[in-house]
Amino acid sequence: MKIAVCVKQVPDTWAEKKLRDSDSRLDRESADGVLNELDEYAVEQALQLVEAAGGEVVIVTMGPERAGETLRKAISMGADAGIHIVDDNLGGSDAVATSAVLAKALSGREFDLILFGSESTDARMSVIPAMVAERLDLPQVTFAQKVDINGSELTVERVTEYGFDLLSAQLPAVVSVVEKINEPRYPSFKGIMAAKKKPVEILTVADLGLEPSVVGASGAWSEVADFAARPPKAAGVVVTDEGDGGVKIADFLTSQKII
Amino acid sequence: MTDVLVLAEHHDSDIKRITLELITGARALGNPVVLWLGTGCTDDTVATLGNYGATKVLVADSDAVNNHPVAPGAEIVASLIDSLSPVAVLVASTADGKEVAARAAIKSNCGIITDAVEIAADSTVTQSVFGGSTVVHSRVTKGTPIITVRPNAIPASPQPFAAVREDIAVSISAGAQRVTVKDRTVVAKGARPELTEAEVVVSGGRGVGGPEGFGVIETLADSLNAAVGASRAATDAGWYPHQFQVGQTGKTVSPQLYIANGISGAIQHRAGMQTSKVVVVVNKDPEAPIFELADYGVVGDLFAVVPQLAEEITKRK
Ligand SMILES: Cc1cc2nc3c(=O)[nH]c(=O)nc-3n(C[C@H](O)[C@H](O)[C@H](O)COP(=O)(O)OP(=O)(O)OC[C@H]3O[C@@H](n4cnc5c(N)ncnc54)[C@H](O)[C@@H]3O)c2cc1C
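Here the structure is a predicted model, which is why all the values come from computation and not from measurement.

### Concerning the pairing of strand β5 (residues 81-85) of chain A
Residue and element names in this part refer to chain A.
Part 1 of the argument: With five of five residues buried, β5 lies mostly within the body of the structure.
Part 2 of the argument: On β5, burial covers both faces: Ala81, Ile83 and Ile85 on one face and Gly82 and His84 on the other are all buried.
Part 3 of the argument: After leaving strand β4 (residues 56-62), the chain enters helix α2 (residues 67-76) and then returns to the sheet as β5, a path that is right-handed.

### Considerations on helix α3 (residues 95-106) of chain A
All names here are of chain A.
Part 1 of the argument: Here α3 contains twelve residues, and its C-alpha end-to-end distance of 16 Å stays within 8% of the 16 Å for a straight helix at 1.5 Å per residue.
Part 2 of the argument: Burial analysis of α3 places eleven of its twelve residues in the buried class, which makes it a mostly covered element.
Part 3 of the argument: Along α3, the residues classified as buried are Ala95, Val96, Ala97, Thr98, Ser99, Ala100, Val101, Leu102, Ala103, Ala105 and Leu106.
Part 4 of the argument: The N-terminus of α3 is capped by aspartate 94, whose side-chain oxygen sits 3.2 Å from the backbone nitrogen of valine 96.
Part 5 of the argument: Downstream of α3 by a residue or two, glycine 108 has a phi angle that is positive, lying close to 75°.

### With respect to the site of the ligand
Part 1 of the argument: In the vicinity of the ligand lie 29 residues, with B:Arg206, B:Ser231, B:Thr249, B:Ser264 and B:Gln268 positioned nearest.
Part 2 of the argument: Residues close to the ligand are split across chains A and B.
Part 3 of the argument: Residue B:Arg206 places a side-chain N or O atom 2.5 Å away from an oxygen atom belonging to the ligand.
Part 4 of the argument: The contact in question runs from an oxygen atom of the ligand to an N or O atom on the side chain of B:Ser264, over 2.6 Å.
Part 5 of the argument: Its free accessible area being 990 Å², the ligand has 82% of it covered by the protein chains.
Part 6 of the argument: The cavity where the ligand resides is the second largest pocket.
Part 7 of the argument: Of all the secondary structure elements, the ones that give two or more residues to the shell around the ligand are α1 (37-53) of chain A together with α7 (232-236), α8 (267-270) and α9 (302-316) of chain B.
Part 8 of the argument: The element contributing the most residues to the shell around the ligand is α1(A), with three residues.

### Some words on the pattern of salt bridges
When charged atoms on two side chains of opposite charge get close, those side chains can pair.
Part 1 of the argument: With the rule as written, the count across this model stands at 35 salt bridges over all chains.
Part 2 of the argument: Across the pair B:Asp167 and B:Arg165 runs a salt bridge whose closest N-O atoms are separated by 2.9 Å.
Part 3 of the argument: Exposure remark for B:Arg165: the relative accessible area of 37% places this residue in the partly exposed category.
Part 4 of the argument: For B:Arg270, the salt bridge identified is with B:Glu292, shortest N-O distance 2.8 Å. Residue B:Arg270 is found in helix α8, and its partner B:Glu292 is found in the loop between β16 (278-283) and β17 (296-299); the two are separated by 22 residues along the sequence.
Part 5 of the argument: For B:Arg270, a relative accessible area of 8% translates into the label buried.
Part 6 of the argument: By sharing partners, the salt bridges in this structure join A:Arg20, A:Asp23, A:Arg25 and A:Glu29 into a single network.

### Points about the nonpolar core
One recurring pattern in soluble globular proteins: nonpolar side chains tend to sit buried together.
Part 1 of the argument: Formed by 65 residues in total, the largest nonpolar core has its most connected members in A:Val60, A:Ile85, A:Leu106, A:Ile114, B:Leu35, B:Ile76 and B:Ile146.
Part 2 of the argument: Sorting elements by how many residues they give to this core places α3(A) first, with seven residues.
Part 3 of the argument: Excluding anything up to four places from it in sequence, A:Val60 contacts A:Ala4, A:Val5, A:Cys6, A:Val7, A:Leu71, A:Ile83, A:Ile85, A:Leu102 and A:Leu106.

### Topic: the domain arrangement of chain B
Residues and elements named next belong to chain B.
Part 1 of the argument: According to the domain assignment, chain B contains domain 1 (3-177) and domain 2 (200-316).
Part 2 of the argument: Once you take the C-alpha centre of each, domain 1 and domain 2 turn out to be 32 Å apart.
Part 3 of the argument: Counting the surface lost from both domain 1 and domain 2, the interface buries some 360 Å², and carbon and sulfur atoms represent 52% of this.
Part 4 of the argument: Area buried by domain 1 at its contact with domain 2 is led by Gly131, Arg150 and Asn152, which between them contribute 83% of it.
Part 5 of the argument: Taken together, the links from domain 1 to domain 2 amount to zero salt bridges.
Part 6 of the argument: Counting across the interface, domain 1 meets domain 2 through zero residue pairs in polar contact (both at pLDDT 80 or more).
Part 7 of the argument: Residue composition of the side of domain 1 that touches domain 2, grouped by class: no nonpolar, four polar and one charged.

### Digging into the packing of aromatic side chains
Part 1 of the argument: Counted according to the given criterion, the structure contains three aromatic pairs over all chains.
Part 2 of the argument: An aromatic cluster is present here, built from B:Phe214, B:Tyr240 and B:Phe244 joined pairwise through their rings.
Part 3 of the argument: Note that A:Lys2 overlies the ring of A:Phe111, its terminal NZ or CZ placed 4.9 Å from the centroid.

### What to know about the environment of A:Lys18
Part 1 of the argument: Among the secondary structure elements, A:Lys18 is positioned in the loop between β2 (9-11) and β3 (33-35).
Part 2 of the argument: With a relative accessible area of 47%, A:Lys18 lands in the partly exposed category.
Part 3 of the argument: With 131 residues separating them in the primary sequence, A:Lys18 and A:Ile149 have C-alpha atoms 41 Å apart.
Part 4 of the argument: A:Lys18 has contacts with A:Arg25, A:Leu26, A:Asp27 and B:Phe130, leaving out every residue within four places of it along the chain.

### Some words on empty space enclosed by the protein
Part 1 of the argument: Tallied over the entire structure, the rule returns one cavity of 30 Å³ or more.
Part 2 of the argument: Forming the boundary of the largest cavity are A:Leu138, A:Pro139, A:Gln140, B:Pro69, B:Ala71, B:Arg103, B:Gly175, B:Ala176, B:Gln177, B:Arg178 and B:Val179.
Part 3 of the argument: Residue composition of the lining of the largest cavity, by class: six nonpolar, three polar and two charged.

### A short note on the environment of A:Leu35
Residue and element names in this part refer to chain A.
Part 1 of the argument: Mapped onto the elements, leucine 35 comes out in strand β3.
Part 2 of the argument: You can call leucine 35 buried: its relative accessible area is 6%.
Part 3 of the argument: A C-alpha to C-alpha distance of 25 Å links leucine 35 and valine 224, two positions 189 residues apart in sequence.
Part 4 of the argument: Residues within four places of leucine 35 in sequence aside, it is in contact with Val7, Lys8, Val10, Glu40, Thr70, Lys73 and Ala74.

### Things to note about the sheet that holds β4(A)
Within a sheet, neighbouring strands are paired by backbone hydrogen bonds and run either parallel or antiparallel to one another.
Part 1 of the argument: Read from one edge of the open sheet, ten strands run β11(A)-β5(A)-β4(A)-β1(A)-β6(A)-β10(A)-β7(A)-β8(A)-β9(A)-β12(B), paired in mixed fashion. Whereas interior strands pair on both sides, the edge strands pair on one side only; in this sheet they are β11 (200-203) of chain A together with β12 (180-186) of chain B. Recorded for the sheet is a direction-independent mean angle of 30° between the axes of neighbouring strands.
Part 2 of the argument: Note: β4(A) against β5(A), five bridges, orientation parallel. Bridging across to β5(A), A:Met62 finds its partner in A:Ile85.
Part 3 of the argument: The sheet strands contacting helix α4 (residues 128-136) of chain A are β6 (113-117), β7 (140-150) and β10 (173-177) of chain A, and the helix crosses β6(A) at an angle near 160°.

### Comments concerning the sheet that holds strand β9 (residues 134-140) of chain B
Part 1 of the argument: Overall, mixed pairing links the ten strands, which are arranged β12(A)-β9(B)-β8(B)-β7(B)-β10(B)-β6(B)-β1(B)-β4(B)-β5(B)-β11(B) in an open sheet. The two strands at the open ends of the sheet, each matched to only one other strand, are β12 (222-229) of chain A together with β11 (164-167) of chain B. On average, adjacent strands in this sheet sit at an angle of 35° to one another, irrespective of strand direction.
Part 2 of the argument: In the sheet, strand β8 (residues 125-129) of chain B pairs with β9(B) via five bridges, with the strands oriented antiparallel. Following the sheet pairing, B:Gln127 is matched in β9(B) by B:Val136.

Definitions and cut-offs
- Residues numbered from 1 in each chain as written.
- Chains lettered and ligands numbered in written order.
- Predicted model: local features only at pLDDT ≥ 70, side-chain atom pairs only at ≥ 80, totals over all residues.
- Heavy atoms only, no water.
- Buried < 20%, exposed > 50% of the residue type's maximum accessible area, 1.4 Å probe, protein only.
- Helix = DSSP H or I, 4+ residues; strand = E, 2+ residues; numbered from the N terminus.
- Right-handed = clockwise from strand over helix to strand, strands pointing away.
- Expected span 1.5 Å × (residues − 1).
- Polar contact = N/O pair within 3.5 Å; in protein donor to acceptor, adjacent residues only side chain to side chain.
- Near = heavy atom within 4 Å.
- Areas by Shrake-Rupley, 256 points an atom, 1.4 Å probe, with all protein chains shown as cover.
- 1 Å grid on protein atoms, 1.4 Å probe; cavity = no way out; pocket = protein on both sides within 12 Å on 5 of 7 lines; lining within 4 Å.
- Sits in = over half its atoms within 2 Å of the grid points.
- Salt bridge = Lys/Arg side-chain N within 4 Å of Asp/Glu carboxyl O.
- Core = buried A, V, L, I, M, F, W, Y, C linked by side-chain atoms within 4.5 Å.
- Contact = heavy atoms within 4.5 Å.
- Domains from an automatic or database assignment.
- Buried area = accessible area lost by both parts, 1.4 Å probe.
- Nonpolar A, V, L, I, M, F, W, Y, C, P; charged D, E, K, R; others polar.
- Phe/Tyr/Trp six-rings, centres within 6.5 Å; stacked < 30°, edge-to-face > 60°.
- Lys NZ or Arg CZ within 6 Å of the ring centre and 35° of its normal.
- Points joined across faces, edges and corners; volume = space filled by probe spheres on them.
- Pairing = 2+ DSSP bridges.
- Axes fitted to C-alpha atoms, helices over the stretch in contact; angles between N-to-C directions.

Shown next as structure tokens:
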């Protein structure tokens, strides 16, 4: 089985996120870039499937030069190879443009399964898996809390607003996983050393055969008009319970006209 | 005036409040035309949707829609973008809603913006990002704007119209029917308000100590007619069902009042509740990061503070 896992470099989870005044884009330089933590579950799932049934795991990322570190980090969990799409023209891509690039990079490589995390912690849109499935004309089974593969038969528990649905489809397919699905492994020392030697294909927009006009800001179908930092919330009142903590909260709620 | 297409969010005949919020928001842009996918659309439903200003309710109820997730809905939305030429398409920011919107966007060559909290008459969208620290105005620059809207952001207000029902037959491609629903598991939701719709959410975390500890949380919730939420520590431990998890990988809530009890305030938890209007915290550790978000906080044992609060609220009503 040949599995692709798409991952994203995002600003460190605890870092303060800001938009740049110059171009209204997320300021990625000011914070450490890390592997989007929800993607770790997708990598883990791929490794488990390949460990059970044999095959190959390829990590795919689109991002600036330094996203290469994130790609290696994901490979060091135990994957076999990487694809890094890096090009100055890619900056400012929205979800539509990003999905165009990923779909192009994934197509024609005969992946049986294309895995994603359920969202990125910076943009939080959760739409890339659906868009990639649409572009590649593949079945889409997202928000999986359980994935079973039997031959070419895929069975997934998809988390819904109300519980979960049991879904079935034939491979190849696009799947996104939620964090309930597994416990991602830490890269071992051996894995980290091995990752340095795993093949990583570096691709530009031209290599993919895409026009520069369909990616980056020019290929985006939406734009930020303006933005503003919301003034930080005034510090609240914190009191220590002296036997009347509950009454004090009730007083506060009354003062706020909530009760 | 032109039409605005609104995709109804519903569970069988149960109309989610976000649907009424979407219709309310749509009125500023044009005539709200509701698309109802699947079962459950009754005369009452049509009347309720009309009461908020829906002019038409288009019903697409077929096996193709009911047995296959997302892709059929996207085909129907795309075909309506084509035939109705709406000024915008409004969808709920739920997992299904966003995915139907995303696939329709690609099919129809239309831009998409997710998680709107406000939509201006010219379809400019307001988003609240990075945990509410930044307000962004954005717009779609290609095709019909497809906008997904967060629950509890646009207050629903009635504006009665005699909506008419129209059943539509859209043929769904075989490709859109490749994923089949074999079974649906619905976790009983109980009598409390829906988590993402509730005006008040009362949450418990690891500090609650076990499943029985959620008793005091539920009692407080009921005194406020609130929904109950939980941190991942509590849902992972099996103390409370996963459906009630608030946070990055749970539900995003934006109530008038959020009461966090025995929750430390990890970044992943904050991601789901940071835009709550008023935050009250009960935690025995004065250093807990959740106090940074508190409008009012009490350092203390939740088992003393929470029952007293519930009693006090009941007394004052
Ligand atoms: C990929 C990923 C996704 C995640 N998604 C989510 C998510 O969606 N939602 C989420 O919540 N978390 C999520 N987490 C987990 C998150 O990082 C935290 O581990 C979790 O939120 C901690 O839950 P907690 O605050 O209840 O527990 P703890 O951090 O253990 O805090 C318990 C708090 O209770 C207080 N306490 C203890 N006893 C009492 C008492 N008797 N009275 C008063 N206070 C008391 C303690 O002082 C402490 O502050 C995610 C993590 C990862 C890695």
